[in-house]
Amino acid sequence: MVDIKEEFQKRFKKKPDHIFFSPGRINLIGEHIDYNGGRVMPCAISLGIFLAVSKNTDKKFRLQCLNFPETAELHLQRSYSKTGREWFNYPLGVIDYLIREECAISGLDMLFYGNLPIGAGLSSSASIEVLTAFTLNELFQLSLSLVDIAVLSKKVENEFIGMNCGIMDQFAVTFGKKDRAILLNCDTLEYELLPFKINGHVLAIINTNKSRKLTDSKYNERFAECGKVLKELKKEINAHNLCDISMEQFQSHKSLIKDPVLEKRAAHVISENFRVNEAAKVLKQGDLGKFGQLMYDSHKSLKELYEVSGKELDTIVEFCKTFGDCIGARMTGAGFGGCAIALIKKESLQDFSKALVDYYKNKIGYEPDVFASEIGDGVREVF
Ligand code: GLA
């Protein structure tokens, strides 16, 4: 177990004044529809990122992380720009945003440490952005609301980092609540906290351990495709977002779409939004079996229509379908590797895990990581 206070003391020769924490997230259902104005159902998890921090008087931002050797030391200036693909671009983007908004902030010594797999589709990037924004808001009394924090963190990801993500991840890590799923309308940001009662089951996270170099560009490609197909459908349908369109409207107007690839993309988005509404209904009724089936349906659609899965994620879901005590599974997050989630009978978790590791290793050549996850709270001060 890492002692972040002690590490901070070693590096900065003083004690940290505060420790903040921001979680990672999984998404139960509603994939690739946040940037289409749909409804999604993420949860914050108990793993996440810690930040030990103290103000300094020399007006410098010192950014260090126990997970990476690269560090940054920057004078307070009017703006910053992104440097390569270094981890510190995420907090730096938030600092840049706040300075440009004329928020009165000053030097900080910051040490980050993440106990969640980084870059594995559990939103380590949203987590570190929200963590930085929340911390600066507290330390410099910026009077930002939690919604402001989620929204500005998304802007940083879009504009500073260059990934056209939706609001789901930043919202989930900000507003997460223990044992609750967040049913979020990504168009209006209205949300409801649904009890996530999985009596006798556990939610397992399965990390494919696949490195994901193409994620950002493929993601931006899907984002652009959705924009194009919406434009075509808008010729006859009055809609602001793809998710405003019903399945019936889509069926009767799909001849407007000339490219079959774009038609598949729209079919995923519109059907996935419908599945989220169904999932919320059955969750409220306590019908976990139906919920699990919707997870499988969601995966199929992401695999065949949206084409963001891959052989690693498909191998996991394929295995889950053959394992009697698994009632549902799907990829979670952007896809192209990253993680899958599965609902498994509590007493079978060990057998599941062992059999899955063997099956996956045999097909893919290396092992996945399997762990049970707890649904936790959103960003907060922990010390
Ligand atoms: C990533 C993005 C989110 C969302 C998911 C797919 O996690 O950051 O905004 O689009 O992919 O649902």
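Not measured: the values here are computed from a predicted model.

(A) Layout of the packing of helix H3 (residues 124–139) against helix H4 (residues 146–161). Packing of H3 against H4 leaves a shortest axis separation of 9 Å and a crossing angle of 125 degrees. Viewed along their axes, H3 and H4 adopt a mutual orientation that is oblique. In this structure, the crossing between H3 and H4 has a hand that is right-handed. Contacts between H3 and H4 involve Ser 125, Ala 126, Glu 129, Val 130, Ala 133, Phe 134 and Asn 137 from the former and Leu 146, Ile 149, Leu 152, Ser 153, Glu 157 and Ile 161 from the latter. Within the contact of H3 with H4, the residues separate by chemical class into eight nonpolar, three polar and two charged.

(B) Local environment of the packing of aromatic side chains. Following the criterion strictly, the structure yields 17 aromatic pairs and no others. Aromatic side chains Phe 175 and Tyr 191 sit 5.2 Å apart centroid to centroid with 55 degrees between the ring planes, which places their arrangement in the tilted category. Of the two residues, Phe 175 is situated in helix H5 (residues 168–175) and Tyr 191 in strand E8 (residues 191–195); the sequence distance between them amounts to 16 residues. Ring geometry for Tyr 360 versus Tyr 366: centroids 6.1 Å apart, planes at 75 degrees, classification edge-to-face. Each member of the aromatic cluster is reached from another via a ring pair, and the members are Phe 68, Trp 87, Phe 88 and Phe 112.

(C) Broad picture of the sheet that holds strand E9 (residues 201–207). Pairing within the open sheet is antiparallel, and its four strands lie in the order E10-E11-E9-E12. Among the strands making up the open sheet, the edge pair consists of strand E10 (326–332) and strand E12 (369–373). Strand-to-strand, the axes of this sheet are offset by a mean angle of 25 degrees, without reference to chain direction. With five bridges joining them, E9 and E12 adopt antiparallel strand pairing. Residue Ile 205 lies in a different strand from E12, and its bridge partner there is Phe 371. With respect to the sheet, helix H9 (residues 288–304) is in contact with E9, E10 and strand E11 (339–345), its orientation differing from that of E10 by roughly 35 degrees. Docked against the sheet, helix H11 (residues 349–364) engages E9, E10, E11 and E12, running at close to 155 degrees with respect to E12.

What counts, and at which threshold
- Residues numbered from 1 in each chain as written.
- Predicted model: local features only at pLDDT ≥ 70, side-chain atom pairs only at ≥ 80, totals over all residues.
- Heavy atoms only, no water.
- Axes fitted to C-alpha atoms, helices over the stretch in contact; angles between N-to-C directions.
- Helix = DSSP H or I, 4+ residues; strand = E, 2+ residues; numbered from the N terminus.
- Parallel < 35°, antiparallel > 145°, perpendicular 65-115°, else oblique.
- Left-handed = near helix turned anticlockwise from the far one by under 90°.
- Contact = heavy atoms within 4.5 Å.
- Nonpolar A, V, L, I, M, F, W, Y, C, P; charged D, E, K, R; others polar.
- Phe/Tyr/Trp six-rings, centres within 6.5 Å; stacked < 30°, edge-to-face > 60°.
- Pairing = 2+ DSSP bridges.

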